[in-house]
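Breakdown of the fold
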Amino acid sequence: MDALKITTFQAYLFWENIEKNLSNLALRLSAIREKTDLIVLPEMFNTGFTMNVEKCAEKTDGRTMHWMLEIAQKYDCVVAGSLIIEEEGRYFNRFVWMTNSGDYVKYDKRHLFGMAKEDTVFTPGTQRVIVDLNGWKICPMICYDLRFPVWSRNLNGAYDILLYVANWPDKRSAHWRSLIPARAIENQAFVIGVNRVGHDGNEIYYSGGSMCISPVGDVVYYKPEYEDLYTFTIYRKDLEDTRQGLPFLKDMDEFSLTVKSQITRLS
């Protein structure tokens, strides 16, 4: 497909309140008036960025996974975002890529944020994942992963879109605004970052700044400060023109990651 239509929701999240978040998200998403291929929600979109796993963790057959399927079926698209999943006594900050058929792909956050003690509560992921949507290859990441360019490097042109979901605080928003364009330019890919807004239960303020940056660093979409539901379109020609006109990827340094990289495709 030459074009891909993506809807991002820069949401206000209610602290550790799964039912209220899901209800509010469903209400806000009802404003979508055009066909979209993908809806992207922030990191821990059903709870906010909490370490309270005893209260907020769910199983893979829990309420939020069923809600994601309902939304995917309602809008005939993929729904993506992260939530807290418990498996065999371990907890994961898990990105879920939910299709309207109920098939899904998971990516567990690799880099856990030690300043918030996330690394003492959650188990890190070991696999990088690439999903296929209408011929577009998409690599999902979560928040703190943004700071680690080796983990997100576009080895052999493995992906077309690098997708970050986040709870990225306002006090480090300058880093967010700098690193996302850097990832786009160095990897010659579209980079999309979806953040949240408002204060959380720890009185940390999030100023949004959700964005889509083109492979040459141009701004496709950017929204600071306010809750925002927005649909935009990206075009394969822009990707191909960049890679053909500026063939930098072929000159990248050769290296291998010490964790497995897995490619998963769903049609």
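Conventions we followed
- Residues numbered from 1 in each chain as written.
- Predicted model: local features only at pLDDT ≥ 70, side-chain atom pairs only at ≥ 80, totals over all residues.
- Heavy atoms only, no water.
- Pairing = 2+ DSSP bridges.
- Helix = DSSP H or I, 4+ residues; strand = E, 2+ residues; numbered from the N terminus.
- Axes fitted to C-alpha atoms, helices over the stretch in contact; angles between N-to-C directions.
- Contact = heavy atoms within 4.5 Å.
- Parallel < 35°, antiparallel > 145°, perpendicular 65-115°, else oblique.
- Nonpolar A, V, L, I, M, F, W, Y, C, P; charged D, E, K, R; others polar.
- Core = buried A, V, L, I, M, F, W, Y, C linked by side-chain atoms within 4.5 Å.
- Buried < 20%, exposed > 50% of the residue type's maximum accessible area, 1.4 Å probe, protein only.
- Phe/Tyr/Trp six-rings, centres within 6.5 Å; stacked < 30°, edge-to-face > 60°.
- Lys NZ or Arg CZ within 6 Å of the ring centre and 35° of its normal.
- 1 Å grid on protein atoms, 1.4 Å probe; cavity = no way out; pocket = protein on both sides within 12 Å on 5 of 7 lines; lining within 4 Å.
- Points joined across faces, edges and corners; volume = space filled by probe spheres on them.

**Focus: the sheet that holds strand β3 (residues 78-87)**
What the six strands build is an open sheet, ordered β5-β4-β3-β2-β1-β13; its pairing is mixed. Strands at the two margins of the open sheet, each flanked by one partner only, are β5 (104-108) and β13 (228-235). The mean inter-strand angle of the sheet, taken between neighbouring strand axes irrespective of direction, is 30°. Across five bridges, the pairing between strand β4 (residues 90-98) and β5 is antiparallel. Looking at the pairing, Arg94 lines up with Asp108 of β5. Packing of helix α1 (residues 18-29) onto the sheet brings it into contact with β1 (3-10), β2 (38-40) and β13, and relative to β1 it is tilted by some 135°.

**Describing the packing of α1 against helix α3 (residues 63-75)**
The interhelical angle for the contact between α1 and α3, taken along N-to-C directions, is 5°, at an axis separation of 11 Å. It follows from the interaxial angle that α1 and α3 lie roughly parallel. Here Ile18, Glu19, Leu22, Leu25, Ala26 and Leu29 of α1 lie close against α3, whose contacting residues are Arg63, Thr64, Trp67, Ile71 and Tyr75. Of the residues that constitute the contact of α1 with α3, the class distribution is eight nonpolar, one polar and two charged.

**Side note on the nonpolar core**
Ranked by size, the top nonpolar core spans 47 residues in total, and within it Ile6, Trp97, Ile161 and Ile234 carry the most contacts. In this structure Ile234 touches Asp2, Ala3, Leu4, Ile6, Trp136, Ile161, Phe190 and Cys212, once residues within four positions along its chain are discounted. With 23 residues, the next largest nonpolar core counts Leu22, Ile39, Met65 and Val96 among its residues.

**With respect to the packing of aromatic side chains**
Under the defined criterion, the tally for this structure stands at nine aromatic pairs. Ring geometry for Tyr12 versus Phe14: centroids 5.1 Å apart, planes at 80°, classification edge-to-face. When its relative accessible area of 22% is taken as the criterion, Phe14 is described as partly exposed. Between the aromatic rings of Trp168 and Trp176, the centroid separation amounts to 5.4 Å while the plane-to-plane angle is 45°, which identifies the pairing as tilted. Side by side, Trp168 and Trp176 carry an identical accessibility label, which is buried. One aromatic cluster is present, built from ring pairs that chain together Phe113, Tyr144 and Phe148. Seen from the ring of Trp151, Arg110 lies directly overhead, with NZ or CZ sitting 5.7 Å from the centre. Over the aromatic face of Tyr12 sits the side chain of Arg196, whose NZ or CZ is 5.8 Å from the ring centroid.

**Details of the layout of surface pockets**
By volume, the largest pocket is sized at about 310 Å³. Within the lining of the largest pocket, the residues separate by chemical class into 12 nonpolar, three polar and four charged.

Everything listed is a geometric property; what it means functionally is a separate question.
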